[in-house]
Amino acid sequence: MSNVNENSSISQEIATLGGGCFWCLDPIYAELVGVEKVEVGYSGGKVKNPTYQQVSSKTTGHAEVVQVTFDPDVISYEEILKIFFTFHDPTTLNRQGADVGPQYRSVIFYHDDMQREAAESVIEEIEAQGIWSDPIITEITPFEEFFIAEEYHQDYFIRNPEQGYCRVLIAPKVVKFRKSYAEQLKKTTN
């Protein structure tokens, strides 16, 4: 899904990915050069404008997702996917660690055939490398609709670094990410 922003000549693409709790993926993508925006929300369900409580009830069919708007001239969709497969377990059905339910499934919602083909290719490449001992079961599903999550979920890790879930589960992933992708991080000003 490439388009050109009317106010500039920047090319933009959108990736919609579910890899467990959206709080865990949000800070990873937010720090990457070439990523313009990250929003957390819900995709893949049958209820319009679901709430967190509805999605958590495991009855709407939605997955918690990040929607990443990025410049493909700076970072490729394939690189977005490789990072995705590095920072969640794509081999467990409807769970990431202690988070259990269909809302935590591993899923790629592709926006066009090029994204679908890229997702299939990246999965094939990762499986050939033998990175995971179990088969990858990530769904590759056509994108239909994205519903932005409640405001308190946006930038959750940044706003709540001392919260227990953030300290124990998210912070170690962010540290690992920063070490592994240091050259691709946005420069921060102090």
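Shown above is the structure to which this text applies.
About the thresholds
- Residues numbered from 1 in each chain as written.
- Predicted model: local features only at pLDDT ≥ 70, side-chain atom pairs only at ≥ 80, totals over all residues.
- Heavy atoms only, no water.
- 1 Å grid on protein atoms, 1.4 Å probe; cavity = no way out; pocket = protein on both sides within 12 Å on 5 of 7 lines; lining within 4 Å.
- Points joined across faces, edges and corners; volume = space filled by probe spheres on them.
- Nonpolar A, V, L, I, M, F, W, Y, C, P; charged D, E, K, R; others polar.
- Salt bridge = Lys/Arg side-chain N within 4 Å of Asp/Glu carboxyl O.
- Helix = DSSP H or I, 4+ residues; strand = E, 2+ residues; numbered from the N terminus.
- Buried < 20%, exposed > 50% of the residue type's maximum accessible area, 1.4 Å probe, protein only.

1. Considerations on the layout of surface pockets
Then, in step 1: In this model, the largest pocket occupies a volume close to 230 Å³.
Then, in step 2: In terms of lining, the largest pocket is formed by 15 residues, of which the most central are Cys-24, Gln-96, Gly-97, Leu-169 and Lys-173.
Then, in step 3: Per-class residue counts for the lining of the largest pocket are six nonpolar, six polar and three charged.

2. Structural notes on the pattern of salt bridges
Then, in step 1: A complete count under the given rule lists nine salt bridges for this structure.
Then, in step 2: The shortest N-O distance in the salt bridge between Lys-48 and Glu-145 comes to 2.6 Å. Here Lys-48, found in the loop between strand E3 (35-43) and helix H2 (52-56), pairs with Glu-145, found in the loop between strand E8 (139-142) and strand E9 (146-148); they are 97 residues apart in sequence, far enough to count as distant.
Then, in step 3: Judged by relative accessible area, which is 33%, Glu-145 ranks as partly exposed.
Then, in step 4: Residues Arg-105 and Glu-139 are paired through a salt bridge, measuring 3.3 Å at the closest nitrogen-oxygen approach. With Arg-105 in the loop between strand E6 (99-100) and strand E7 (106-110) and Glu-139 in strand E8, the pair connects residues that are 34 residues apart, well separated along the chain.
Then, in step 5: Assessed through its relative accessible area of 8%, Arg-105 is described here as buried.

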